[in-house]
Protein chains: 2
Amino acid sequence: MTYRDIKADILERILNGTWPPGSAVPNEQELAVEYGAARATVNRAMRELVDEGFVERKRKAGTRVRLSPVRQVRFEIPMIRKEIEEQGATYRYALIRSEVMLAPDWLRARLNLKQGTEVLHLVCMHFADGRPFQLEDRWINLAATPQGRDFDFSTVGPNEWLVQQVPFSDVEISFSATTADPEQAMLLNCRAGDALFRVERQTTWQDQVVTYVSLIYRRDHRMTTRY
Amino acid sequence: MTYRDIKADILERILNGTWPPGSAVPNEQELAVEYGAARATVNRAMRELVDEGFVERKRKAGTRVRLSPVRQVRFEIPMIRKEIEEQGATYRYALIRSEVMLAPDWLRARLNLKQGTEVLHLVCMHFADGRPFQLEDRWINLAATPQGRDFDFSTVGPNEWLVQQVPFSDVEISFSATTADPEQAMLLNCRAGDALFRVERQTTWQDQVVTYVSLIYRRDHRMTTRY
DNA sequence: GAGTGGTCTAGACCACACT
DNA sequence: GTGTGGTCTAGACCACTCT
């Protein structure tokens, strides 16, 4: 019996109703005896079942099957170039606009920036087989990443540049729907007022917001995953 | 040194550039000696770093810091009642429409159903503090879940019923934007043509699709998470 | 106080992937 | 073949939390 077998067996008993939601699961010692395994092996199986949201454990109280399984989705966030190339399409990038400016009020409030902070505002397009795929509207905090001021983003996209500057950080991401304004409609080759799919991402490093970006896709775009 | 300390220390070295992206990390034996810990303890720390996308491991080849961080998002998918109640709002549910019918062609194609399969089509509203929050447009495969035919969904929502009836092995979920048709606009109290945020979910058990549901939110709805 | 899970250890064998 | 991670074991001690 490997920990995988034990995990699968326990999960089977949960799913087929042997141990219904809310019921107690035998303790590790008992399961170890039943499966003829070490307690550490049972423990690993159970820890993964906790991770996946099937059971809850408390010291002394023991292990119980969750009433309603807390299912989690895991998304990979690929780089746009990879995403397009993995679809078998040709990737093309274009810088539309680039300007250094004082952070506008809405951005200052959102990113918690001091008054007078300069930001780099970039608007870029990402094409798949020549068709507009993603509109990237990015704001880079120059107080956190001053080297961005002089970098030439006309051939390298800001995301590819940033991941080399700030390798790992804390990210808040959100998905929503929005409507196309006239400029967005022109760039994405749709009509003003059309529904668009939007991903917003805010990246923090050491308590300082590095960048805020709004990634806008045409209405028919789907982000899909399995679990 | 606990495995948490070891993990934190290794992560620190990755973040501060001691072990830059692409570089090799010492093997488990060496790290165990360095930290004065058992190899199993180092192993647990490293396994979590793999889970979190910071390093890659291969037998024989050893452990390397990932070049481009494959960052992953984890979403919890709460039940709608909980989602609303956790916002401190009052939840209300209403069944709008319920009918048994032959699966329409687009659904048959999507769910891979045989011709002549009967499905239950439900349209439901979920309200937060009396305001439309989510429109649920659900299709239940009666070949997989025949007991749904006679259940009364006027007080219990289909999701709450389903999780008690059917275990599920595989879920495909996708996010997109769509436009309100006249009926949706009326139910969600917005205008036809408005942008809406849509979550689609298809649930499979033992190679048979159990249910397909489209969950529609008003434009201002955001799904947010951190990673 | 006592029962349960959380973690660590030292040692072992195995499976894979590279040579 | 050989080096690496993957896993298991038996035993131990600890930390939380319930009574």
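Residues numbered from 1 in each chain as written. Chains lettered and ligands numbered in written order. Predicted model: local features only at pLDDT ≥ 70, side-chain atom pairs only at ≥ 80, totals over all residues. Heavy atoms only, no water.

Another aspect to go through is the nonpolar core. Counting residues in each nonpolar core, the largest one holds 63 residues, and the members touching the most others are Phe75, Phe175 and Phe197 of chain A together with Phe75, Phe175 and Phe197 of chain B. Look past the residues within four positions of phenylalanine 175 of chain B in its chain and what remains in contact with it is Phe75, Phe175, Phe197, His221, Arg222 and Met223 of chain A together with Phe75, Phe197, Arg198, Val199 and Met223 of chain B. Counting residues in hydrophobic clusters, the runner-up holds 17 residues, among them Val25, Leu31, Ala45 and Met46 of chain A. (Core = buried A, V, L, I, M, F, W, Y, C linked by side-chain atoms within 4.5 Å. Buried < 20%, exposed > 50% of the residue type's maximum accessible area, 1.4 Å probe, protein only. Contact = heavy atoms within 4.5 Å.)

Around DNA strand C, the structure places 23 residues, and the nearest of them are Arg39 of chain A together with Thr2, Tyr3, Ala38 and Thr41 of chain B. The contact atoms of DNA strand C, taken as those within 4 Å of the protein, divide so that sugar and phosphate hold 69%. Arginine 39 of chain A is positioned such that a nitrogen or oxygen atom in its side chain is 2.4 Å from a base oxygen of DNA strand C. Residue arginine 4 of chain B places a side-chain N or O atom 3.2 Å away from a phosphate oxygen belonging to DNA strand C. Broken down by element, the residue count for the surface near DNA strand C peaks at four residues, all from helix α3 (residues 39-51) of chain B. Classifying every residue of the surface near DNA strand C gives five nonpolar, seven polar and eleven charged. (Near = heavy atom within 4 Å. Polar contact = N/O pair within 3.5 Å; in protein donor to acceptor, adjacent residues only side chain to side chain. Helix = DSSP H or I, 4+ residues; strand = E, 2+ residues; numbered from the N terminus. Nonpolar A, V, L, I, M, F, W, Y, C, P; charged D, E, K, R; others polar.)

Here we come to the interface of chain B and chain A. Interface size is commonly expressed as the accessible area that is lost once the parts come together. Facing the 47 residues of chain B at the interface are 44 residues of chain A. Surface buried jointly by chain B and chain A totals about 4,500 Å² across both partners, of which 51% is contributed by carbon and sulfur atoms. It is Arg74, Arg222 and Tyr227 of chain B in chain B that bury the most area against chain A; as a group they hold 14% of the surface buried on that side. The salt bridge partner of arginine 222 of chain A is glutamate 200 of chain B, with a shortest N-O separation of 2.7 Å. Inspection of the chain B/chain A interface yields four residue pairs in polar contact (both at pLDDT 80 or more). For the side of chain B that touches chain A, the secondary-structure elements that each account for two or more residues are α1 (3-15), α3, β4 (72-77), β8 (170-179), β9 (195-205) and β11 (223-226) of chain B. No other element matches the ten residues that β8 of chain B contributes to the side of chain B that touches chain A. Among the residues forming the side of chain B that touches chain A, the class breakdown is 20 nonpolar, eleven polar and 16 charged. Pairing analysis gives four bridges linking strand β11 (residues 223-226) of chain A to β8 of chain B, with the strands arranged antiparallel. (Buried area = accessible area lost by both parts, 1.4 Å probe. Salt bridge = Lys/Arg side-chain N within 4 Å of Asp/Glu carboxyl O. Pairing = 2+ DSSP bridges.)

For the rest of this paragraph, the subject is helix α6 (residues 158-165) of chain A. Residue and element names in this part refer to chain A. Those residues of α6 lying buried are Pro158, Asn159, Trp161 and Leu162. Seen from one end, α6 has its buried residues packed into an arc of 160°, which puts them on one side. Elements that come into contact with the buried residues of α6 comprise β5 (91-102), β6 (118-128), β7 (131-141), β9 (195-205) and β10 (208-217). (Arc of directions from axis to C-beta.)

Attention now goes to the sheet that holds strand β7 (residues 131-141) of chain B. An order of β11(A)-β8(B)-β9(B)-β10(B)-β7(B)-β6(B)-β5(B) is seen for the seven strands of this open sheet, with the pairing classed as antiparallel. With partners counted over all chains shown, the strands left at the sheet margins are β11 of chain A together with β5 (91-102) of chain B, one partner each. Taking each pair of neighbouring strands and ignoring which way they run, the sheet shows an average axis angle of 15°. Judged from the ten bridges that link them, strand β6 (residues 118-128) of chain B and β7 of chain B form a sheet pairing that is antiparallel. In the sheet register, histidine 126 of chain B faces β7 of chain B, and the bridge partner there is glutamine 134 of chain B. Packed on one face of the sheet, helix α6 (residues 158-165) of chain B meets β5, β6, β7, β9 and β10 (208-217) of chain B and runs near 40° to β7 of chain B. (Axes fitted to C-alpha atoms, helices over the stretch in contact; angles between N-to-C directions.)

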